[in-house]
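Chain by chain, the residues run as shown.
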Amino acid sequence: MRQIFGFIMLLGASVSVASATDGFTTVYEWNKMDFNWPSEERMVEAVKNGFVPEEILPRFMAVFGERLFLSLVPFKDASLSSLVWLPTNATSTSPKLNPFPSWEMHGTACDKMQEVRGLKVDSDGRLWALDDGRRDDCLPKLWIFDLTNNSVSLVHQFSEDAVSHSYESRWLHDLELDQWNGDWLAYILDIRAEALVVFNLDENKSWRVETQEQGKPLYTIALSPKGNE
């Protein structure tokens, strides 16, 4: 069986796939992305609030089954979704973006998703979404969704000891997952604080590891493959 690989080219706003022998083939391509709006009135309201499709800029991605998830750069209209999905088997070459898990889960209230950045899907079928928030009175969060039914499994609110509750003093950016002794750990970069935030799912606990001694700020994170034990 030939291996199939997928990636998204953000600057060109196109999704391509490649096989081990065939090279790359464009599957989706957009002149501009747009949402699958729930109504004409909702779209008109967003446009009045300053939304233009050219402002849709993907930032992180994750894939599960026949869905591709994207986190988006925040909009001027804070009620718009910063986490969306599109079907990988869409019949259209320019499929529209669907807010995940719904329009109602995004907004300015503290119990809504506000500014999603890092995205990962684990082998248990859960989507991990890092939410930096947009207000000092709303805590930064880590959302975990069960993708079998699109429900919220856990919302972890970071304590002040782990992540600053001042929006100007934090910059949660990237997310990486690791499974250790049957438990899941998330590693998160706080660029502005020059720290690594660690989250333990089993204990529902997070803590900070300072990285200033590295001499330069870290902007991304990756884990090397585990060796044979």
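For the structure itself, consult the block above.
Let me sum up the structure you'll find in this document. Bear in mind the structure is a predicted one, so any value in this text is a computation, not a measurement.

Definitions and limits used
- Residues numbered from 1 in each chain as written.
- Predicted model: local features only at pLDDT ≥ 70, side-chain atom pairs only at ≥ 80, totals over all residues.
- Heavy atoms only, no water.
- Helix = DSSP H or I, 4+ residues; strand = E, 2+ residues; numbered from the N terminus.
- Disulfide = S-S within 2.5 Å.
- Pairing = 2+ DSSP bridges.
- Axes fitted to C-alpha atoms, helices over the stretch in contact; angles between N-to-C directions.
- Salt bridge = Lys/Arg side-chain N within 4 Å of Asp/Glu carboxyl O.
- Buried < 20%, exposed > 50% of the residue type's maximum accessible area, 1.4 Å probe, protein only.
- Polar contact = N/O pair within 3.5 Å; in protein donor to acceptor, adjacent residues only side chain to side chain.
- Contact = heavy atoms within 4.5 Å.
- Phe/Tyr/Trp six-rings, centres within 6.5 Å; stacked < 30°, edge-to-face > 60°.

Section: unusual backbone geometry
Cis peptide bonds are those with omega within 30 degrees of zero, and the linkage from Phe-100 to Pro-101 qualifies with -10°. Tracing the chain through its elements places Pro-101 in the loop between strand S7 (98-99) and strand S8 (116-121). Located in the positive-phi region is Asn-150, a residue other than glycine, with phi close to 60°. With respect to the element layout, Asn-150 can be found in the loop between strand S10 (141-146) and strand S11 (151-157). In this model, Asn-204 sits at a positive phi of 50°, which is unusual for a non-glycine residue. Relative to the elements of secondary structure, Asn-204 occurs in the loop between strand S14 (195-200) and strand S15 (205-210).

Remarks on the state of the cysteines
This structure, assessed with the given rule, holds one disulfide. At a sulfur-sulfur separation of 2.0 Å, the disulfide partner of Cys-110 is Cys-138. Because the sign of the S-S torsion sets the handedness, a value of about -80° for the bond joining Cys-110 and Cys-138 places this disulfide among the left-handed ones. Of this pair, Cys-110 sits in the loop between S7 and S8 while Cys-138 sits in the loop between strand S9 (126-131) and S10, and the two are 28 residues apart along the sequence.

Observations regarding the sheet that holds S10
Within the open sheet, the four strands sit side by side as S8-S9-S10-S11. Their pairing is antiparallel. What marks the edges here is a single partner per strand, and that holds for S8 and S11. The mean angle between the axes of side-by-side strands here comes to 20°, regardless of whether they run parallel or antiparallel. One ladder, built from four bridges, connects S8 with S9; its direction is antiparallel. Looking across to S9, one finds that Val-121 is bridged to Leu-127.

Observations regarding the pattern of salt bridges
Per the counting criterion, the structure on display carries nine salt bridges. Taking the shortest distance from any N to any O, the salt bridge between Lys-120 and Glu-176 comes out at 3.6 Å. Taken together, the residues Lys-120 in strand S8 and Glu-176 in strand S12 (residues 172-180) connect sequence positions 56 residues apart. The class for Glu-176 is buried, based on a relative accessible area of 15%. Taken together, the shared-partner salt bridges connect Arg-59, Glu-115, Arg-117, Asp-132 and Arg-170 into one network.

What to know about the side chain of Gln-114
Relative to the elements of secondary structure, Gln-114 occurs in the loop between S7 and S8. We classify Gln-114 as buried; its relative accessible area is 3%. Within polar-contact distance, the side chain of Gln-114 engages the backbone oxygen of Thr-108 at 2.9 Å. At 3.2 Å, the side chain of Gln-114 forms a polar contact with the backbone oxygen of Ala-109. With sequence-adjacent residues up to four places away left out, Gln-114 is seen in contact with Ser-82, Gly-107, Thr-108, Ala-109, Asp-131, Gly-133, Arg-134, Arg-135 and Cys-138.

Considerations on the packing of aromatic side chains
The tally for this structure, following the rule as stated, stands at 11 aromatic pairs. Taken together, a centroid distance of 5.2 Å and an interplanar angle of 80° make the contact between Phe-69 and Phe-100 edge-to-face. Of the two residues, Phe-69 sits in strand S5 (residues 67-72) while Phe-100 sits in the loop between S7 and S8, which places them 31 residues apart along the sequence. An identical accessibility class is assigned to Phe-69 and Phe-100; each is buried. An angle of 75° between the planes, with centres 5.1 Å apart, marks the rings of Phe-100 and Phe-145 as edge-to-face. With a gap of 45 residues between them, Phe-100 in the loop between S7 and S8 and Phe-145 in strand S10 connect regions that are remote in the sequence. Across the pair, Phe-145 and Phe-100 agree in class, each one buried. Ring pairing ties together the aromatic residues Phe-35, Trp-37, Phe-51, Phe-75 and Trp-103, which thus form one cluster.

What to know about the sheet that holds strand S13 (residues 183-190)
Strands sit in the order S12-S13-S14-S15 across an open sheet of four strands; the sheet is antiparallel. Only two strands of the sheet have a single neighbouring strand rather than two, namely S12 and S15. For this sheet, the mean angle separating the axes of adjacent strands, direction not counted, is 20°. Where S14 lies against S15, six bridges are found, and the strand directions are antiparallel. Along S15, the bridge assignment pairs Val-197 with Arg-208.

No statement about biological role is implied by the geometric values presented.
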